[in-house]
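Okay, here's what each chain looks like letter by letter:
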2 protein chains.
Amino acid sequence: MNLVPNLVVDRLPVYLRALNVLEAEGKKTVRSEELGPRAGVNPELVRKDLSYFGRFGKQGRGYEVVALQAELRRLLGTDRQWSMVLVGAGHLGRAILAYPGFVSEGFVIIAAFDTDTSLIGELISGMRVRPAGELVSFVQSRRVDIGIIAVPPAAARRTAEVLHEAGIRAILNYAPVMLRLPPGLLVRNVDPVIALESMTFWRSHEVA
Amino acid sequence: MNLVPNLVVDRLPVYLRALNVLEAEGKKTVRSEELGPRAGVNPELVRKDLSYFGRFGKQGRGYEVVALQAELRRLLGTDRQWSMVLVGAGHLGRAILAYPGFVSEGFVIIAAFDTDTSLIGELISGMRVRPAGELVSFVQSRRVDIGIIAVPPAAARRTAEVLHEAGIRAILNYAPVMLRLPPGLLVRNVDPVIALESMTFWRSHEVA
C-alpha cells in the first residue's frame, strides 16, 4: 500500500460516490467507459487506478457495482464508523456540526469542545458543547479517531498538539494555518476561502 | 506572475490571516521569525515566498503589518469584492449559504439556484432560491466571478459546463466529482469527506 500514489487514493472516494449513484439507479455492472465520465476521470485512468488493488473488472463485462463499492469501502476504511471530536464551536464549528455529508459516509462527531465559557453547555445541532479542559481526558477514555480543528488561527497549532498528545492521529483542519506534522500525524486542510483566494490570485494577474 | 509556484500562492492567504490577527492585536511590525510560526511556516520560507513579489521587509525591522496586509490583499485580488452564484440549494447548499467565512474576506453569494421546483422561492439564509433555468441569463446580465457547485455528483459536470458557457471562469466545486478543466476555467475542489477518506485509507492500511 505504501506504493500507491496519493493522487490515486484521492480518486477512490470519487469512484465510490459514482458507484453509490449507479447502485441507487439499479445498475448491476458498470464499465470504466461509464464509471469514468461519472467520476470525471478518464476510463483508462480508472482502470489503472483500480489495478493497484487487484483485478476487479471481468473481461468485457466491466465491474460489479456492489462488489466494487464494498471493496472501495474496505480500502478506504469506511466499512466501519470513524468517531471525531470537534474543537471550536463558534460560527465555523456550528457550520461543521450542521454539515450533512459526514454521517452518511460513516464519520460521526461524538463531542464538541470550546474554551469560551459562554458557549459551554449550549446545544448545537443536538450536540452539547463541552469545556476544552475535558478534551484530553475525553479522547483518552473513548475511542476517538479524528480531530476537527475549527478554532481561531492563533490557537490552531496548540490544538493540534493537544489532540496529538491525547492520541489522535488524523486531523481535519478548518483553520487557515499550515499545520506542521509531527511524525505519524495525518493532517488535511479544508478552507474554502483559501481555495477561492488561490483562484482570485490568478484571475487578478492575467494582464500582468 | 506566471513563474510563481502554486504552493507559494496557496500560502499567501495563510500569511494574510496571520497578519489580520497581528493587526487586531495592535502589532505594527512583524519579523518572519514571528509571522512564520503563526502561519505554521518556516520563517525562511516566509521570506522566500514574499520575495517573489518584491522587497517588503526592512533590514532588521521586519515587515510593516498594515502594508504587507494591503499588498497581500492586492496580490490575492481580495482588495475588491468577488460575486458568486451557488448552484444547488439542498442540504449542502444550505450549509454553504450559512458559511460565515466568505463575506468577511470579500466573497459574496449573490444568488442561489436549484432545479427542484419545491425549493424555488424558498428563503435560505436570507437568499431566495431561483429556478436553475434562469442561471445563464442571470450570470450574463450581472457581473458574476465565481460559481459554487453544490449539486449531486451526476449533475456536477453539466453544471460546470453551463457556468463556463455563461462566462464564469472560476469554480468552487463541493460535489465529489473530479471536474475536467476546459482551457481558461479554474476549479478548486472542496470536499471534507474526501479529505477524511484519504486519511482513513492510510490509517486502515498501516498493518498491511
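Please read all numbers here as calculations on a predicted model, not as lab measurements. (Residues numbered from 1 in each chain as written. Chains lettered and ligands numbered in written order. Predicted model: local features only at pLDDT ≥ 70, side-chain atom pairs only at ≥ 80, totals over all residues.)

Quick look at the overall build of chain A
Put simply, the rule reads: Helix and strand labels come from DSSP, where a helix needs a run of H or I of at least four residues and a strand needs a run of E of at least two; each type is numbered from the N terminus. Three exposure classes are used. Buried residues have 20 or more other C-beta atoms within 10 Å of their own C-beta, exposed residues have 12 or fewer, and partly exposed residues fall in between, all C-beta atoms being placed from the backbone.
Helix and strand counts for chain A stand at nine helices and nine strands. Viewed in the frame of its principal axes, chain A has a C-alpha envelope of about 60 × 55 × 35 Å. Scored against the burial criterion, the 208 residues of chain A give a buried share of 42%.

Considering the domain arrangement of chain A
Our working rule: Segmentation into domains, and thus their bounds, comes from an automatic or database assignment.
As assigned here, chain A comprises domain 1 (6–75) and domain 2 (82–195). The distance between the C-alpha centroids of domain 1 of chain A and domain 2 of chain A comes to 32 Å.

Let's talk about the relation of the copies chain B and chain A
Selection rule: C-alpha atoms of residues with pLDDT of at least 70 in both copies form the basis for the least-squares superposition of the copies. Here, residues touch in the contact sense if the C-beta positions derived from the backbone fall within 7 Å of one another.
For the match of chain B to chain A, the screw axis carries a shift of 0.0 Å, the RMSD comes to 0.0 Å, and the turn is 180 degrees. Both copies of the chain, as the preceding transformation shows, are related through a two-fold rotation axis. A high fraction, 100%, of the interface residues of chain B reappear at the interface in chain A, so the copies pair face to face through one surface.

Some details on unusual backbone geometry
What is expected of a backbone is that most residues other than glycine have negative phi and most peptide bonds are trans. A positive phi angle is found at Ser125 of chain A, which is not glycine, with a value near 45 degrees. Judged by the 13 C-beta atoms lying within 10 Å of it, Ser125 of chain A is partly exposed.

Comments concerning the interface of chain B and chain A
Listed per partner, the contact involves 59 residues of chain B and 59 residues of chain A. Of all the secondary-structure elements, those providing two or more residues to the side of chain B that touches chain A are helix H1 (6–24), helix H2 (32–39), helix H4 (65–76), helix H5 (91–97), helix H7 (153–165), strand E8 (170–173), strand E9 (186–189) and helix H8 (192–204) of chain B. It is H8 of chain B that provides the largest number of residues to the side of chain B that touches chain A, a total of 13 residues.

Some thoughts on H2 of chain B
Note on helix geometry: an α-helix contains 3.6 residues per turn, so any two residues three or four positions apart are oriented the same way. All of the buried residues in H2 of chain B are Ser32, Leu35, Gly36, Arg38 and Ala39 of chain B. Phi for Gly40 of chain B, located one or two positions after H2 of chain B, is positive at around 80 degrees.

Overview of the confidence of the model for chain A
How we decide: The pLDDT score gives, residue by residue, the confidence of the prediction method on a 0 to 100 scale.
Of all residues in chain A, 97% have pLDDT values of 70 or greater, and the mean over the chain is 90. Listed scores for the predicted complex are pTM 0.78 and ipTM 0.86.

Digging into the pairing of strand E7 (residues 146–149) of chain A
All names here are of chain A. Filter applied, for reference: Strands are treated as partners if at least two bridges between them are detected by DSSP. If you view a crossover with the strands going away from you and the path from the first strand over the helix to the second runs clockwise, you call it right-handed.
Burial along E7 is two-sided: the face carrying Ile146 and Ile148 and the face carrying Gly147 and Ile149 are both buried. With three bridges joining them, E7 and strand E8 (residues 170–173) adopt parallel strand pairing. Paired with Ile149 across the two strands is Asn173, which belongs to E8. Each parallel crossover has a hand, and the one from E7 via helix H8 (residues 153–165) to E8 is right-handed.

Details of the nonpolar core
Applicable threshold: What makes a nonpolar core is a set of buried Ala, Val, Leu, Ile, Met, Phe, Trp, Tyr and Cys residues, with links drawn between C-beta atoms within 7 Å.
Ranked by size, the top nonpolar core spans 122 residues in total, and within it Ile148 of chain A together with Ile148 of chain B carry the most contacts. Residues within four places of Ile148 of chain A in sequence aside, it is in contact with Met84, Val85, Leu86, Val87, Ile96, Leu172 and Tyr174 of chain A.

Details of the environment of Gly101 of chain A
Along the polypeptide, Gly101 of chain A turns up in helix H6 (residues 101–104). Sequence-distant contacts of Gly101 of chain A, that is, excluding residues within four places in its chain, are made with Leu92 and Val193 of chain B.

Observations regarding the sheet that holds strand E5 (residues 123–124) of chain B
Residue and element names in this part refer to chain B. So the rule is basically this: Inter-axis angles, ranging from 0 to 180 degrees, are taken between N-to-C directions of lines fitted to C-alpha atoms, where helices are fitted over the stretch in contact.
With mixed pairing, seven strands are arranged side by side in an open sheet as E5-E6-E4-E3-E7-E8-E9. The open sheet has two free edges, formed respectively by E5 and E9, since each of these has just one partner strand. As paired elements, strand E3 (residues 82–87) and strand E7 (residues 146–149) share four bridges and run parallel to each other. Residue pairing for E7: Leu86 is matched across the bridge by Ile148. Against the sheet, H7 makes contact with E3, E7 and E8, and its axis sits at roughly 165 degrees relative to E7, the strand it touches most.

Description of the environment of Phe201 of chain A
Structurally, Phe201 of chain A can be placed in helix H9 (residues 192–204). On a C-alpha basis, the gap between Phe201 of chain A and Asp116 of chain A in space is 35 Å, while along the polypeptide they are 85 residues apart. Residues in contact with Phe201 of chain A, not counting those within four places in the same chain, are Val9, Leu12, Leu75, Leu76 and Gly77 of chain B.

What to know about the sheet that holds E8 of chain A
Residue and element names in this part refer to chain A. Taken together, seven strands build an open sheet; the order of strands is E5-E6-E4-E3-E7-E8-E9 and the sheet is mixed. Two strands close off the open sheet at either side, each with one partner strand: strand E5 (123–124) and strand E9 (186–189). Across four bridges, E8 lies against E9 in parallel orientation. Across the sheet, the residue bridging to Asn173 is Asn189, located in E9. Sheet strands touched by H8: strand E3 (82–87), E7 and E8. Its angle to E7, the strand with the most contacts, is close to 165 degrees.

Some thoughts on the pairing of strand E4 (residues 107–114) of chain B
Residue and element names in this part refer to chain B. The pairing of E3 with E4 spans six bridges and is parallel. Across the sheet, the residue bridging to Val85 is Ala111, located in E4. Note on the crossover from E3 through H5 to E4: the handedness is right-handed. Two elements, E4 and strand E6 (residues 127–131), share three bridges in a ladder whose sense is parallel. Considered in E6, the bridge of Asp114 is made with Pro131.

A short note on the packing of H2 of chain B against helix H3 (residues 43–51) of chain B
All names here are of chain B. Here is the rule: Throughout, the term roughly parallel applies to angles under 35 degrees, roughly antiparallel to angles over 145, roughly perpendicular to angles from 65 to 115, and oblique to all others. In this count, Pro and Cys sit with the nonpolar residues alongside Ala, Val, Leu, Ile, Met, Phe, Trp and Tyr, while Asp, Glu, Lys and Arg are called charged and the others, Gly among them, polar.
Where H2 contacts H3, the axes come no closer than 8 Å and their chain directions differ by 100 degrees. Between H2 and H3, the interaxial angle falls into the category roughly perpendicular. Contact residues: H2 offers Ser32, Glu33, Leu35, Gly36 and Ala39, while H3 offers Pro43, Val46 and Arg47. Split into classes, the residues belonging to the contact of H2 with H3 amount to four nonpolar, two polar and two charged.

Examining H7 of chain B
Residues and elements named next belong to chain B. We count it as follows: What a helix is expected to span follows from its residue count: subtract one and scale by 1.5 Å. What the arc describes is the spread of directions from the helix axis to the C-beta atoms.
The end-to-end C-alpha distance of H7 is 19 Å, a good match for the 18 Å that 13 residues give at a rise of 1.5 Å each. Taken together, the buried positions of H7 are Ala156, Arg157, Thr159, Ala160 and Leu163. For H7, the angular spread of buried residues about the axis comes to 165 degrees, placing them on one side. Residues of H7 that are exposed and angled more than 90 degrees away from the buried face: Arg158 and Glu165. Each element contacted by the buried residues of H7 is listed here: E3, E7 and E8.

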